[in-house]
Amino acid sequence: WELRLVTFFPSELFQEDDDDSCSDYGSRDKSGTILGRIVPDGNVLFPDTFQTNHLLFYERFKAYQDYILADCKASEVKEFTAEYLEKVLEPSGWQAIWRTNVFEVLVEVVDVEYSTLKAVVRLSEPFLCDSHVSTFTLECMQELLELKKHQLPVQELWVVFDESGEFDQTALAIEHVRFFYQHIWRSWDEEDEDDFDYFVRCVEPRLRLHYDILEDRVPSGLIADYHNLLSQCEVLYRKFVNLRSGISSSDSDSEAENVSMVEGLKLYDEIEHLKQKLKLIENPLLRYVFGYQKHTGLQAKGSRPMGTKITHVVSSTIMASLLESLLREKLCPETCDEELEIQFHSDPLTAVSACYEGDTVIICPGHYVVDGMFCIADSIELEGYGLPDDVVIEKRGKGDNFVDCTGANIRLSSLKLVQHDAVEGILSVHHGKTTLENCVLQCETTGVTVRTSAELLMKNSDLYGAKGAGVEIYPGSTCTLLDNGIHHCKEGILIKDFLDEHYDSPKITMVNNVIHNNEGYGVVLVKPTVSSDVKDISVITSSLFSDLGNTQTIQSNGEKENVEDLGHPELHECAMDELELHERAEISEQTEGNCEIANELVATSVKKSQMHKKRLSELGITEADDNIMSQEMFVSIVGNQFKRNGKGSFGTFLF
């Protein structure tokens, strides 16, 4: 990559000659071109063009950072780009293909208007034009150019290939401008804050996102969400600009203008909300921390018409001894009164796809390699026949998820899942309840994700290798973790921000887990920076646990809440343990995180309740239904061990 960068951006290219002007920048000393060529495939015999759309991330990064934008502000982008073009673009004497959505035509550049980023052109001889319609004759094209004053945006030009190398930098410069206005620039960028470096704030994250998408590092659902948000924001921004121009051109103070101003403010708020969502996706760290709400379209089959339930047996080969063991232990137990219908499969994916509500899949010992994704929308059970290390399901090939669960009651047991080349986590619970028992999860990206309104019960399982969090807990979900090992991940457990008024607090139970050897924290809570009008967490926590001899209350806007209503009885035990720990000189590293996590989660939940009450108060609601106000989190954090985590047992991510 560095060799290519040196080739594309030689240092002498950006140094002025002693007896030449800064506009005479080129590659005339080159013995030949360094760029490839693209052969056109249309009906018209167009000449070949330079191939410039294959540039690597760092080639574009270096060009924008060092040579084009540097430390410019958003309002200076066009000016800096014009200066760059003036240094490297040949002012005349080259041909290009002018491309639009309707036609392509060969033109010759006779001059460049750098300040407007436009080239002055004329039609080449002989006249070459390829169009989806037959109306673009020579006369029509000449008339069209006259209407445009023979000036075309440089990004609409594809430079004709030349072996001499004389026009390499011209082709590359136009490619950088074209890419920038297609993939980086947003029509609203100039209106954003202009006090910050535009490259750092906008160009770099958007450029990284573009290449992450190209290299299959972003889930397909998130890509669709991003493009949808972009389209929405573009439409609203055009409405806003039209409305603003209508108001500014009117001198009257009429009622209609006042209505337009209110509508404009509403549009502005909607645009800002969409822009914040776009920034979350563009920022690699925030993209991982916040994730996205994926909506699976898979529909449950329900029960079979006759109400029968089938047991599916998966095995690459069936030996007599294996069949005998299955019949004795699984298929014909002594308590079974009904005839059991059995189907045999050689592939776990095929077996799951054949399931209806209430079916069971028994997977015999073996190493199964699958290329697809398990989408489980019905209440079924997947059970490994043997120890987890004997029943291995390995995912090969690129894709989003490994296992997607949306059924009301799904159970997976005694399985080892191995993930490769993934974009999303190894298992996602979108709806319903999923139970994971006695399983081994060898992860690639994130581990297990519990989405809003979903429920996970994970016990006696081992999870490791996630490049993100081992377990991600979304607002409004229920997550119970019992006797698990979560280790060698980026973070052990990540609890998403739940302070937003649209979210309910999650219900979290963690008992006797061993969370160790993770790169970051054992448990991380994501939350916004504390606002000045909400009590600090430390104050809330101290008021919760300052006097355990009496029933504690929290004062919030003149109302009192009993601490016993805030969660679970274990909180009182946890608080007592915390006081005892402070009285002792030594604190056990393995268990000290339990109380810290519980206290932080409860305090954040109390803050959520305070914020909710404040919003109701601002709306003039002084009394609220108890069910509405009881937003507190159910928390039980007991007996967990935290060992050798890089940043400690517990931390918070503030945004």
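Here, every reference points to the structure presented above.
Counting restarts for each chain: residues are numbered from 1 in the order of the written sequence. Given that the model is predicted, a residue must reach a pLDDT of at least 70 before its local features are reported, and side-chain atom pairs must reach 80 or more before they are shown or counted; all residues, however, enter totals for whole chains, interfaces and linings. Only hydrogens and water are set aside when side-chain values are computed; all heavy atoms of the structure are taken into account.

1. Quick word on the side chain of H210
A helix here means a DSSP run of H or I that spans at least four residues, while a strand means a run of E at least two residues long, and both kinds are numbered starting from the N terminus. Its location among the elements puts H210 in helix α6 (residues 198-214). Apart from residues lying up to four places away in sequence, H210 is in contact with F179 and H183. Two residues form a contact once any of their heavy atoms are found within 4.5 Å.

2. Remarks on the packing of helix α2 (residues 57-68) against helix α5 (residues 168-184)
Across the interface, α2 lies against α5 with an axial gap of 11 Å and an inter-helix angle of 100 degrees. Looking at the two axes, α2 sits roughly perpendicular to α5. Packed against α2, whose contacting residues are E59, R60, A63, Y64 and I68, the element α5 presents E175, H176, F179 and F180 at the interface. Only Asp, Glu, Lys and Arg are considered charged in this grouping, and only Ala, Val, Leu, Ile, Met, Phe, Trp, Tyr, Cys and Pro are considered nonpolar; every other residue, Gly among them, is considered polar. Taken together, the residues that form the contact of α2 with α5 break down as 5 nonpolar, 1 polar and 3 charged. Helix axes are fitted only over the stretch in contact, all axes being lines through C-alpha atoms; the angle between N-to-C directions runs from 0 to 180 degrees. When describing relative orientation, an angle under 35 degrees is termed roughly parallel and one over 145 degrees roughly antiparallel, while 65 to 115 degrees is termed roughly perpendicular and anything else oblique.

3. Observations regarding the environment of L417
Inspection of the secondary structure puts L417 in strand β18 (residues 416-418). It is 6.3 Å that separates the C-alpha atoms of L417 and V440, two residues lying 23 residues apart in sequence. If sequence neighbours within four positions are ignored, L417 has contacts with I393, F402, V403, I426, V440, L441 and Q442.

4. Structural notes on helix α3 (residues 77-88)
One fewer than the residue count of a helix, multiplied by 1.5 Å, yields its expected span. Taking 1.5 Å per residue, 12 residues should reach 16 Å; α3 reaches 17 Å between its end C-alpha atoms and fits that length. Residues V77, T81, A82, Y84, L85 and V88 constitute the buried set of α3. Looking down the long axis of α3, one finds its buried residues gathered within 160 degrees of arc, a one-sided arrangement. In this fold, the buried residues of α3 make contact with α2, α5 and α6. The buried label applies to any residue whose accessible area, calculated with a 1.4 Å probe on protein chains only, is under 20% of its type's maximum; exposed applies above 50%, and partly exposed to all values in between. This arc corresponds to the set of directions leading from the helix axis out to the C-beta atoms.

5. So, the packing of aromatic side chains
Each Phe, Tyr or Trp ring, with Trp reduced to its six-membered ring, pairs with another whose centre is within 6.5 Å; inter-plane angles below 30 degrees give stacked pairs, above 60 give edge-to-face pairs, and intermediate values give tilted ones. For the coordinates displayed, the defined rule picks out 15 aromatic pairs. Relative to Y211, the ring of F57 lies with its centre 5.7 Å away and its plane at 75 degrees, an arrangement referred to as edge-to-face. Linking F57 in helix α2 with Y211 in helix α6, this pair joins segments that are 154 residues apart in sequence. Ring centres 6.1 Å apart and planes at 45 degrees place the aromatic pair F240 and Y268 in the tilted group. Of this pair, F240 sits in helix α7 (residues 220-248) while Y268 sits in helix α8 (residues 255-282), placing them 28 residues apart in sequence. Here F240 falls in the buried class, since its relative accessible area comes to 12%. Overall, Y268 belongs to the partly exposed group, its relative accessible area being 40%.

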